[in-house]
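Observations on the three-dimensional arrangement
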Amino acid sequence: MASSVSSISDLPLFPLSAVLFPSGQLRLRVFEPRYLDLVRECTQRDAPFGVCLILEGQEAGEPAVPAAVGTLARITDFFTDAGGILGIHAKGQDRFRVERVHMRDNGQLRGDVRCWEPEPETSIPAEFVLLADILHRLVEQAAPHWRDAPQTCYDQASWVGYRLAELLPLDPAERQMLLELRDPVERLAELRDALPRFQRE
C-alpha cells in the first residue's frame, strides 16, 4: 500500500521544556533573535515550525538538544504581553521524526524531518470510557478552550488520549513517551495505569 508520509527539509525547530500534541494549543513568548527570525519566516511563508521536547539544555541561551519525535506547529495568532514581549498562539499538527539536525549561525536549530500520518479515527473501547468522563471534568476545571469541543471528539481514542496527556500532571518524559506511541488504544492504557497516582486520598 502506498504511503502518504511526507518529508520536510530545513524545518525550523523550537525546543521547549513542554510537549505539544496534535491539535494541542501552544502559547509562547518570543524574545530571542533566533526565534523572532523563526516567527517572521513562518509567518511570511505560512509554514509550520517543529516543537520538540528539550532533552538537554534550556529554552533560552545555548542551543538545546531536542527529542527525535516532535509535532508541527502552525501560528494562529499573535499577542503582546504586559512587558511588550511578542507572543504567539500556535496549534499542533502532525507528529514527525527528526532525521538530521543542523544549526544556523544565529543558534537556530533546523531539521530534516519525516512526518507521521495522523492516527486513524478509532472509537474508545468500552473499558476506557471512564477516561472520557475524566477528561470532561478536567476540561471544565482547567481547559476552557476545549469546552466547545463536540461530543464526537470524546468518542475518539486519539483525541481523548492527547488531551489527557496534556492535562494530567505528568512529567515531560512521560508526555514524550505518550507522544511517541503509535497506537491510540495503547496510549489510553498507559493513561489509565497512571491515574491511581493522581487520585485524592
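Residues numbered from 1 in each chain as written. Predicted model: local features only at pLDDT ≥ 70, side-chain atom pairs only at ≥ 80, totals over all residues. Heavy atoms only, no water.

Observations regarding the overall build of the protein
Within the protein, the secondary structure is distributed over 6 helices and 7 strands. In sequence order, the protein lays out its α and β elements as β-β-α-β-β-β-β-β-α-α-α-α-α. Relative to the 2.2 N^0.38 estimate, which gives 17 Å for 201 residues, the radius of gyration of the protein is 17 Å and therefore close to what a compact globule would have. Along the longest, intermediate and shortest principal axes, the C-alpha atoms of the protein span 50 × 50 × 30 Å. In the protein, which comprises 201 residues, the share counted as buried stands at 46%. (Helix = DSSP H or I, 4+ residues; strand = E, 2+ residues; numbered from the N terminus. Rg over C-alpha atoms; globule rule 2.2 N^0.38 Å. Buried < 20%, exposed > 50% of the residue type's maximum accessible area, 1.4 Å probe, protein only.)

Overview of the packing of aromatic side chains
Applying the stated criterion across every chain yields a total of 5 aromatic pairs. Pairing Trp146 with Trp159 gives two aromatic rings, centres 5.3 Å apart and planes at 90°, and the pair type is edge-to-face. One end of the pair, Trp146, is in the loop between helix 2 (129-142) and helix 3 (151-154); the other, Trp159, is in helix 4 (residues 157-167), with 13 residues separating them in the sequence. We note that Trp146, like Trp159, is buried. Cluster of aromatic residues (ring-pair linked, three or more members): Phe14, Tyr35 and Phe49. The ring of Phe79 has Arg27 sitting right over it, with the charged end atom 3.9 Å from the ring centre. (Phe/Tyr/Trp six-rings, centres within 6.5 Å; stacked < 30°, edge-to-face > 60°. Lys NZ or Arg CZ within 6 Å of the ring centre and 35° of its normal.)

Focus: the environment of Gly84
By the element assignment, Gly84 lies in the loop between strand 5 (69-80) and strand 6 (86-103). By relative accessible area, Gly84 is classed as exposed at 51%. Residues Gly84 and Phe31, spaced 53 residues apart in sequence, show a C-alpha to C-alpha distance of 10.0 Å.

Considering unusual backbone geometry
Look at Asp10: it is not a glycine, yet its phi comes out positive at around 60°. Inspection of the secondary structure puts Asp10 in strand 1 (residues 7-16). Exposure remark for Asp10: the relative accessible area of 27% places this residue in the partly exposed category. Positive phi, close to 70°, is recorded for Ser23, a residue that is not glycine. Among the structural elements, Ser23 can be located in the loop between strand 1 and strand 2 (25-30).

Here we look at the pairing of strand 5
Looking at chain direction, strand 3 (residues 49-56) and strand 5 are connected through 3 bridges and run antiparallel. The partner of Val51 across the bridge, within strand 5, is Thr71. Of the strand pairs in this sheet, strand 5 and strand 6 are connected by 10 bridges, and their pairing is antiparallel. The partner of Asp77 across the bridge, within strand 6, is His89. Taken together, strand 5 and the strand that follows it, strand 6, pair antiparallel across an intervening segment of 5 residues, in which Gly84 is found at a positive phi of about 85°. (Pairing = 2+ DSSP bridges.)

Details of the packing of helix 4 against helix 6 (residues 184-194)
Across the interface, helix 4 lies against helix 6 with an axial gap of 9 Å and an inter-helix angle of 40°. Viewed along their axes, helix 4 and helix 6 form a crossing whose handedness is left-handed. Where helix 4 approaches helix 6, its residues Ala157, Ser158, Val160, Gly161, Tyr162, Leu164 and Ala165 are matched on the opposing element by Pro184, Arg187, Leu188 and Leu191. Its residues placed into classes, the contact of helix 4 with helix 6 shows 8 nonpolar, 2 polar and 1 charged. (Axes fitted to C-alpha atoms, helices over the stretch in contact; angles between N-to-C directions. Left-handed = near helix turned anticlockwise from the far one by under 90°. Contact = heavy atoms within 4.5 Å. Nonpolar A, V, L, I, M, F, W, Y, C, P; charged D, E, K, R; others polar.)

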